[in-house]
Amino acid sequence: MEAQRSIEVKCLTEEEAINLFKEKVGQTTLNSHPEIPQLAEIAAEECKGLPLALVTIGRAMAGKNTPQEWERAIQILKTYPSKLSGMGDHVFPILKFSYDNLPIDTMKACFLYLAIFPEDHEIFYMDLICRWIGEGFLEECDTIDEAFNQGHDIIEHIKTACLFQSGNDYEMVKMHDVIRDMALWLATAYSGNNNKVVVEENDIVEAYQVSKWKEAQRISLRTERLEESNIPWNFPNLLTLIFYGGYLETFPSGFFHFMPIIKVLDLSGTRITKLPIGIGKLVTLEYLNLSQTRLRKLSMELKTLKRIRVLILDNMFHLEMVSKEVISNLSMMRIFGLVFSESLEEAKGSHSSAEEEEPNYSREDSQALNLWKNNEALLEELEGLEHINWVCFQIEGASSVQKLLSSQKLKNVMRIISLGNLDGMTFLQLPRMQHLQSLGMSRCGELQEIKVVQEKGRGQGFVADNYITNSNFWCLRFVRIAELPKLLDLTWLIYVPNLENLSVRHCESMEEVIGDANGVPENLGIFSRLRDLNLQDLPNLRSISRRALPFPSLTELLVRRCPNLRKLPLDSNSARNSLKTIDVEQHCWEGLQWEDDTIRLTFTPYLR
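Once a new chain begins, its residue numbering starts again from 1 and follows that chain's sequence as written. Reporting in this predicted model follows two pLDDT cut-offs: at least 70 for local features of residues, and 80 or more for side-chain atom pairs to be given and counted; totals over whole chains, interfaces and linings ignore these cut-offs and use all residues. Note: side-chain values were computed over all heavy atoms of the structure, leaving out hydrogens and water.

## Notes on the overall build of the chain
Put simply, the rule reads: Helix and strand labels come from DSSP, where a helix needs a run of H or I of at least four residues and a strand needs a run of E of at least two; each type is numbered from the N terminus. Note on exposure labels: buried denotes an accessible area under 20% of the residue type's maximum, exposed denotes more than 50%, and partly exposed covers the range between, all computed with a 1.4 Å probe on protein chains only. Contacts between residues were defined by any pair of non-hydrogen atoms, one from each residue, lying within 4.5 Å. For accessible areas, the Shrake-Rupley method is used with a probe of radius 1.4 Å. Any residue's cover is judged against the shown protein chains and nothing else.
From N to C terminus, the chain includes 17 helices and 25 strands. Taken over 608 residues, the chain has a buried fraction of 52%. For the chain, restricting intrachain contacts to residue pairs at least 6 apart in sequence, the fraction spanning at least 24 positions comes to 57%. Looking at the chain as shown, the accessible area adds up to about 27600 Å², and 46% of this sits on carbon and sulfur atoms.

In C-alpha cells:
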C-alpha cells in the first residue's frame, strides 16, 4: 500500500479561473465599484489558473471595495507576491510540502535554481544541466555522462512532484508562475535573507540599487543599461550572475573587479561587442556563457580562467576568430559548445543592424584562429585538453573533417556536430561516434554520397536482434541536412535506430530518402522512434521509403515543395497511436497515390 503519492492539480482555463476567483471575492465586493470586476479579472490572471492561489487571493480580496486597494494588490502580485495576504502564510506553505518531500538536498537546490529565470521562461534540459554542473550541484558524478543522466533524473523527479512543467518544445522545462514565486520566497523571505537572490527587470539599473546587492548570492538581470558608480563595485558573496536578453551593450568600469567567489557568469543575448574589462579577474569562474552576443573575437583575457569547466559560445554569428591558446589554456574544461541554430548563409544580415559592419568570416590574424574557412587548429586545441569529454561544434572545411575522422578522442567527445563547406568532397564515410546526439550538414556543394563505417563484426549482413546494440550511432537522435544540392539519398540512416527528428531541405538532386535497403529485414524497425519528419524544397524527391513503415512514434510529418513525391510510406498500421499532424500542400495531397482509398481516408483527418 502506498504511503503517499503525488497528485497533479490541473490548472483551470481562463474562464474557469475568473469564475472561481469572483466567487471567492463575492458579489458585494464586485458590485462596490464599476471598475472592480475588470480589476478582479486582472488579479485572477496573475494566479495562472492555480486553484489554491485563486481561492486564497480571492478570499483575501473580499471586502476590498476601492479600485486603489485592488491596484495595489495587483502590483504586489506582480512584484512581491509573498507579501500579499494569504500567500506567504497559506499558499506557499502548502506548496512547500512538495518541495520538502524532494528526497535529496541536491534536488532541492536544482529546483530553486530555475526560479532565477524570468516568468514563463523555458529552458532546454541540456542547458539547465550544464548550469547545474557549473554551479557544482552534480559534483558527486564521476563523469559528465553520469552528471547528465543524474540531471535528467532530477528534472523528471521534480516534474513528477508537479514542481516543474514540460515546455512547448521537446526536452524543455519551465515553472508555473506561482511555483516560481514560492521558490523565490523559499530562497529569500523564508530563509531570512531577502537579498540572497535578486531577480530584476528594469530598463536602467541605477548604482544605488546595485549597492544593495552586496549580500546577494545569485543575481538575474534584464536591463538596457547599468549606471556608472562612484563607489567601488563589491559582490563578495556572488556565486551566479545572469544577464538574460535585453539591449545591454557595455558594463560600468570596474564592475567585474570584485567577485571573489563567482562560479557562473551568463552574458548570453546581450549586445556586447568586446569582452568586459576585468572578466579575466574572475579566476573562480566555472561556467561562462557568451551565446548570442556580438563579440567578434575571443581575446587573450580568457586565458586566466583556468577553472572553467563549461564554455558555451552557441549562435555567436558575429564571432570571427579565437585568440591562439585561449582554448588550450582552459585546462579544466569539460564541456565546450560552439554550434548554430541556422546556417551562416541564413544568418548573414539577419543578425546585424543597418549601422553595424557585417562579420568578415575570412579575416586573417596571425595571433588568432579563424572559425569559418577552416577550424582545424581549434579542433587541435580541443583535442589537447585532458578533461574535455562533451563537445558541440561547427566543423568548417574538408581538412577539419579529416582531423575529426583521424582523432579517436575527438570522435569520442563529439555530442553535437554540424559539418559545412566541405569543398571538393564528393563522398563522406562517417565513422563510429557512439556518443553523437545531433548531426547537421550544410553548404557541401559537391557531396553526393554518405556512408557509414562498418567495423569488423558489425553489419556483416543484418541481424535484427543485435542491430540496435551494434549501432555506430546509438545516441544519434537529431539529423539536419540542408543545401547539399548533389546528395542523392540518406540510406545510411538505417544505421540510426534511435533517430527522433529528421529535417532535409534544399537537396535538389535527392530522389529518395531511404534508397535500396535490400537485405534489411522488415522487422528491423527503420525510423521506429522518429517523431518529426520535415522535408522541404526537394524538387526531385520521388520516395521517402520504398516500402511502408510502421512509424510507431511519428507525431508530425511535414512535406513542402516536393512536387514529384507521389507516395507516402504509410499503410493502415502506420503511426496508429502517435500521429498528430500532417502538413502537406493541398495540391500535393490530392496528387498522392495510395494502395487503397481506405488508407487515404485514415490519414485525411490529420491534415493541417
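## Section: the packing of aromatic side chains
Formally: When two rings of Phe, Tyr or Trp (its six-membered ring) have centres within 6.5 Å they constitute a pair, described as stacked for plane angles under 30 degrees, edge-to-face for angles over 60, and tilted for the intermediate range.
Tallying each qualifying case throughout the model produces 20 aromatic pairs. Taking the centre distance of 5.8 Å and the plane angle of 45° together, the rings of Y99 and F111 count as tilted. Remark: F111 occurs in helix α7 (residues 105–113) and Y99 occurs in helix α6 (residues 87–100); sequence separation between them is twelve residues. Ring centres 5.7 Å apart and planes at 90° place the aromatic pair Y113 and F137 in the edge-to-face group. Residue Y113 is located in helix α7, and its partner F137 is located in the loop between α8 (125–135) and α9 (144–160); the two are separated by 24 residues in the primary sequence. Given a relative accessible area of 2%, Y113 falls into the buried group. F137 sits in the buried class, given a relative accessible area of 17%. Through a chain of ring-to-ring contacts, three or more aromatic side chains come together here, namely W233, F235, F243, F251, F255 and F256.

## Quick word on the nonpolar core
When a protein is soluble and globular, its nonpolar side chains tend to lie buried together. The test is simple: Definition of nonpolar core: a set of buried residues of the types Ala, Val, Leu, Ile, Met, Phe, Trp, Tyr and Cys, connected through side-chain atoms within 4.5 Å.
Among the nonpolar cores identified, the biggest contains 121 residues, and F336, W492 and F527 are the most heavily contacted of them. When residues no more than four places from it in sequence are discounted, the contact partners of W492 are L430, L439, I450, K451, V452, L476 and V479. Formed by 75 residues, the second largest nonpolar core is a distinct cluster that contains L20, I129, C141 and A147.

## Observations concerning the sheet that holds strand β2 (residues 165–166)
Convention followed: Being paired, for any two strands, means DSSP has found at least two bridges between them.
Strand order in the open sheet made by the three strands is β1-β3-β2, with antiparallel pairing throughout. Here the strands that pair on one side only, and so sit at the sheet edges, are β1 (123–124) and β2.

## Side note on the confidence of the model for the chain
Defined as follows: Scored from 0 to 100, pLDDT reflects the predictor's confidence in each residue.
With 87% of its residues at a pLDDT of 70 or more, the chain shows a mean pLDDT of 85. Within the model, the stretch residues 1–8 combines pLDDT values under 50 with five contacts to residues more than four positions away or in other chains. Taken as a whole, residues 457–469 scores under 50 in pLDDT and shows 24 contacts with residues more than four places along the chain or in a different chain.

## Describing the sheet that holds strand β13 (residues 321–323)
Strand order in the open sheet formed by three strands is β11-β13-β15, with mixed pairing between adjacent strands. Unpaired on one side and paired on the other, β11 (297–298) and β15 (368–370) mark the two borders of the sheet. Relative to β13, β11 runs parallel, the two sharing two bridges. Looking across to β13, one finds that L298 is bridged to V322.

## Considerations on unusual backbone geometry
For F551, which is not glycine, the phi dihedral falls at a positive 45°. Tracing the backbone through its elements, the reader meets F551 in the loop between β23 (532–536) and β24 (556–560). Although it is not a glycine, A575 adopts a positive phi angle of roughly 50°.

## Some remarks on the packing of helix α1 (residues 14–25) against helix α3 (residues 36–45)
Here is the rule: Throughout, an axis means a line fitted to C-alpha atoms (over the contacting stretch in the case of helices), and angles, computed between N-to-C directions, take values from 0 to 180 degrees. Note on convention: near helix rotated counterclockwise from far helix by under a right angle means a left-handed crossing. Clockwise means right-handed.
Between α1 and α3, whose axes approach to 9 Å, the crossing angle comes to 120°. Between α1 and α3 the crossing geometry is right-handed. Within the contact between the two elements, α1 uses E14, A17, I18, F21 and K22 and α3 uses P37, A40, E41, A43, A44 and E45.

## Observations concerning the environment of S98
Counting through the fold element by element, S98 comes out in helix α6. Distance from S98 to I158, taken between C-alpha atoms, is 9.1 Å for residues 60 residues apart in sequence. Other than its neighbours up to four places away in sequence, S98 contacts A161 and L163.

## Concerning the pairing of strand β18 (residues 427–430)
Burial along β18 is one-sided: the face carrying L428 and L430 is buried and the face carrying F427 and Q429 is not. Across four bridges, the pairing between β18 and strand β20 (residues 449–452) is parallel. Following the sheet pairing, L428 is matched in β20 by I450.

## Some points on the pairing of β23
In the case of a regular strand, side chains alternate between the two sheet surfaces. In terms of burial, β23 is a largely internal element, four of the five residues being buried. Note: strand β22 (residues 501–505) against β23, five bridges, orientation parallel. Looking across to β23, one finds that R505 is bridged to Q536. Pairing between β23 and β24: five bridges, direction parallel. Residue pairing for β24: Q536 is matched across the bridge by R560.

## Quick look at the pattern of salt bridges
The cut-off we apply is this: Salt bridges are identified by distance alone: a Lys or Arg side-chain nitrogen within 4 Å of an Asp or Glu carboxyl oxygen.
Applying the stated criterion across every chain, the model contains 29 salt bridges. Notably, a salt bridge pairs K24 with E23, separated by 3.9 Å at the nearest N-O pair. Relative accessible area serves as the criterion here: at 24%, K24 is assigned to the partly exposed category. Residue classification places E23 among the exposed residues on the basis of a relative accessible area of 56%. Bridged by salt links that share partners, the residues E171, R477, E500, R531 and D532 form one connected network.

## Considering helix α4 (residues 51–61)
For an α-helix, the turn length of 3.6 residues means that residues three or four places apart are oriented alike. For α4, the tally of buried residues reaches eight of eleven residues, placing the bulk of the element in the interior. Taken as a whole, α4 has its buried residues at P51, A53, L54, V55, T56, I57, G58 and M61. After α4 finishes, the residue G63 shows a positive phi value of roughly 95°.

## Considerations on a negative patch on the surface
Condition: Patch membership requires more than 30% relative accessible area and the absence of a salt bridge. Residues of like charge join within 9 Å; the nonpolar side chains Val, Leu, Ile, Met, Phe, Trp and Tyr join within 5 Å. Counted as positive: Lys and Arg. Counted as negative: Asp and Glu. His and the chain ends are not counted at all. Charge coordinates come from a single atom per side chain, which is NZ of Lys, CZ of Arg, CG of Asp or CD of Glu.
Among the surface-exposed residues, E14, E15, E16 and E45 lie close enough to one another that they form a single negatively charged patch. Tracing the backbone through its elements, the reader meets E45 in helix α3.

## A look at the side chain of D177
Mapped onto the elements, D177 comes out in helix α10 (residues 177–187). The contact partners of D177, leaving out residues within four places of it in the chain, are K48, E119 and D120.

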